[in-house]
Every structure is written in C-alpha cells, then in structure tokens.
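# Reading the structure
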Amino acid sequence: MTGDRPVSVAKHTYKRVAETLRKEIESGELAAGSQLPTQFELVERFEVSRATIQRALKDLQEAGYVNSEQGRGVFVEDHPGSAGDPSVNGTSNRKDSATGGTVDFGAAIEEAFRFDEVTIDAFCLTAQSLNSVILIQMQRIMSGQPAPRSIRVRLLLPSSDASLAVPQRVDEPEDERPLDRLRQLTNMHTSGLVNSLKDLRERGYVRDVDITVRSVKITPVHKLYLLNDRRAIFGYYRLMERQLGVSGGDTIQIYDVHGIDAKLFNAEGEFFEESRDWFQSLWDTIAEDQDSGPFE
C-alpha cells in the first residue's frame, strides 16, 4: 500500500475499483439503498490507497450509482446508473448536462482537504462562506486529523474602490454606507481566511501555504469555486430588498444579495473547463494584487 493520501492516483487502479463496485451494484450484490463498506474497509479489500478509493467513489457518484451522505456514508442509488457511467464504460453525458445536483459546500471543502495538495480558486463577493468552511477545516486539523502538505488559495474579490451595483440604497443610490459596510465585511472575512491559513503553517500543521488576493472592478452576480483543479462549484447571488441598520439607530432600505445561503451546484464537463478558463482570464488580465497576499 502507498499510504493514506498519496499525491496522485493511478488511473487504471481507480477504474478497476469503480468497475468492480459497479458490477456488484448492477448484479444486486450491493442492493439499492444499501450502504457501501467504509473507505477503510475498501482500502483493505482492494489493497489501494484511500485517495484511489475516493476517486473511484467520486466517479461512481457522478455516474449515478451511489450517493454520499455527509456524516452517514455512501449509499447505492435507488436507480443506479441513471446518470451514465463516465468512469468505467468510456462514455459520458457530462457534455449534455452543464450541472450536477446541489452541493454541500462544507462537505466539498472537506473532501478537497483530504488530498495532499489543496488548491482553491474563488471568485465571490465577501469571502464569508469560504472563510467559514476553512475555519472548520483548520479546527479539524488542529484536533489531530490528517492535514494536507500544501494549500494554495487564489481569491478574487470586487475592488474596494469600485462603485458596485449592490449593495445599494433603494431611494438614494449615491449613499455610500451600504458599500462601506460591504467593504468592512470583506476585509474582516478576508483577514480571517488569511490568518487561519497562516496559523496552520506557522504552527507546523501544513508545510506550504500560499494565499494571493486580487480584486476586479466587477460586481459579482455569481460565486465560483475551483477545487484541486478537478471540481467547479458555482451559485448565483439572488437580489433582494431589505433593511440595513446604520449609525444613529436608523434603518435604510437597500438592494442586497443572498450570499451565505445561496444554492451551489457542480459545474461539469465543458462548463467546468469554461469556468476554469474564465477565472484564469480574469486573474491574468484586469485583476489587481491586494495588500493581504501573497505571503511567504
């Protein structure tokens, strides 16, 4: 065996695992609704690494054979294979469907942190969601659970000196107070994210950590996360009208966005590739470095 979380996964090895499990599901040996053995048990059975098992299970889930339920385990779908089988048959419907189902962001980040080399590219409004889930991973690692060897984060945020479309006061769009509050929130969550990652490195939990923050003069109407260059997650900011408390105890009506509770989806196939290229195009052209990154 090659260890719990190797850097790379042998292509044919994970396909062999996925093929074997697929046949057991199709034959009824693993019945619909039943729970698969744990990752540890599968590692022992197939004599492969945990990363190989995770890759095989991911392909089976994308193909519609299994479903991972956070905190419970992996279960055989009631109608296995309905999503096609991109991993073992050599065919895929990923280009026919732009998105998978809704995503639990915390679970997605936790999965990403199981690899030795973690990369996260994020385009968002305030970094609040990302800061929250990274803090959970920091606490998990500091409690003694396995840590990656390296973490690299590239964060794209709206420029602090840009006149954004939202948040905006309903009756007086020129009122700067909604934007001032947004800038304060962005600074708070970005600083929290940077400090959490720095703590992991400075305390010796993660050997290599790099976070770079850049800004663009764009009002985000969606959020995008690219995890380990193999998964893209996106969600829309839905606009709403609400009250905002301001100094002096007054309230004003503003147009704002739903952010922390926005539904997130998998971007698959060509949508994944376009999402990755879109992020890189912003990063390489009009994005500007911020004082908070990178750090050595």
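Residues numbered from 1 in each chain as written. Predicted model: local features only at pLDDT ≥ 70, side-chain atom pairs only at ≥ 80, totals over all residues. Heavy atoms only, no water.

## Some thoughts on the confidence of the model for the protein chain
Counting all residues, the mean pLDDT for the protein chain is 85, and 85% of those residues have values of 70 or more. Scored below 50 in pLDDT, residues 1-11 shows 26 contacts in the model against residues more than four places distant or in partner chains. For the stretch residues 292-296, pLDDT sits under 50, and the model shows 16 contacts to residues farther than four places along the chain or on other chains. (pLDDT = per-residue confidence, 0-100. Contact = heavy atoms within 4.5 Å.)

## So, empty space enclosed by the protein
The full count for this structure, using the stated rule, is one cavity of 30 Å³ or more. By volume, the largest cavity amounts to about 60 Å³. Per-element tally for the lining of the largest cavity: the top contributor is helix α4 (residues 105-112), with three residues. (1 Å grid on protein atoms, 1.4 Å probe; cavity = no way out; pocket = protein on both sides within 12 Å on 5 of 7 lines; lining within 4 Å. Points joined across faces, edges and corners; volume = space filled by probe spheres on them. Helix = DSSP H or I, 4+ residues; strand = E, 2+ residues; numbered from the N terminus.)

## A closer look at the side chain of glutamine 54
On the secondary structure map, glutamine 54 appears in helix α3 (residues 50-62). Residue classification places glutamine 54 among the buried positions, given a relative accessible area of 7%. (Buried < 20%, exposed > 50% of the residue type's maximum accessible area, 1.4 Å probe, protein only.)

## Description of the environment of aspartate 199
Here aspartate 199 lies in helix α6 (residues 177-202). Contact partners of aspartate 199, with chain neighbours within four places excluded, come to Met138 and Met142.

## A look at helix α5 (residues 128-142)
The terminal C-alpha atoms of α5, which comprises 15 residues, lie 21 Å apart, in line with the 21 Å expected from a rise of 1.5 Å per residue. Taken together, the buried positions of α5 are occupied by Ser129, Leu130, Asn131, Val133, Ile134, Gln137, Met138, Arg140 and Ile141. On its buried face, α5 is in contact with α4, β4 (117-123), β5 (150-158), α6 and β8 (222-227). One or two residues past the end of α5 sits glycine 144, with phi positive at roughly 115 degrees. (Expected span 1.5 Å × (residues − 1).)

## Remarks on the pattern of salt bridges
Tallying each qualifying case throughout the model produces 23 salt bridges. Aspartate 171 is the salt-bridge partner of arginine 169, the closest N and O atoms lying 2.8 Å from each other. Look at arginine 169 and you get buried, because its relative accessible area is 12%. The salt bridge partner of arginine 177 is aspartate 175, with a shortest N-O separation of 2.8 Å. Assessed through its relative accessible area of 33%, arginine 177 is described here as partly exposed. A residue is classified by how much of its surface remains accessible, and aspartate 175, at 14% relative accessible area, is buried. By sharing partners, the salt bridges in this structure join Arg169, Asp171, Glu172, Asp175 and Arg177 into a single network. (Salt bridge = Lys/Arg side-chain N within 4 Å of Asp/Glu carboxyl O.)

## So, the nonpolar core
Counting 41 residues, the largest nonpolar core has Ile109, Ile120, Leu130, Leu155 and Leu197 as its most contacted members. With six residues, the single largest contributor to this core is α6. When sequence neighbours within four positions are dropped, the list of residues in contact with leucine 130 reads Phe105, Ile109, Ile120, Ala122, Leu155, Leu193 and Tyr225. Ranked by size, the runner-up nonpolar core spans 20 residues in total, among them Leu21, Ile25, Val43 and Leu60. (Core = buried A, V, L, I, M, F, W, Y, C linked by side-chain atoms within 4.5 Å.)

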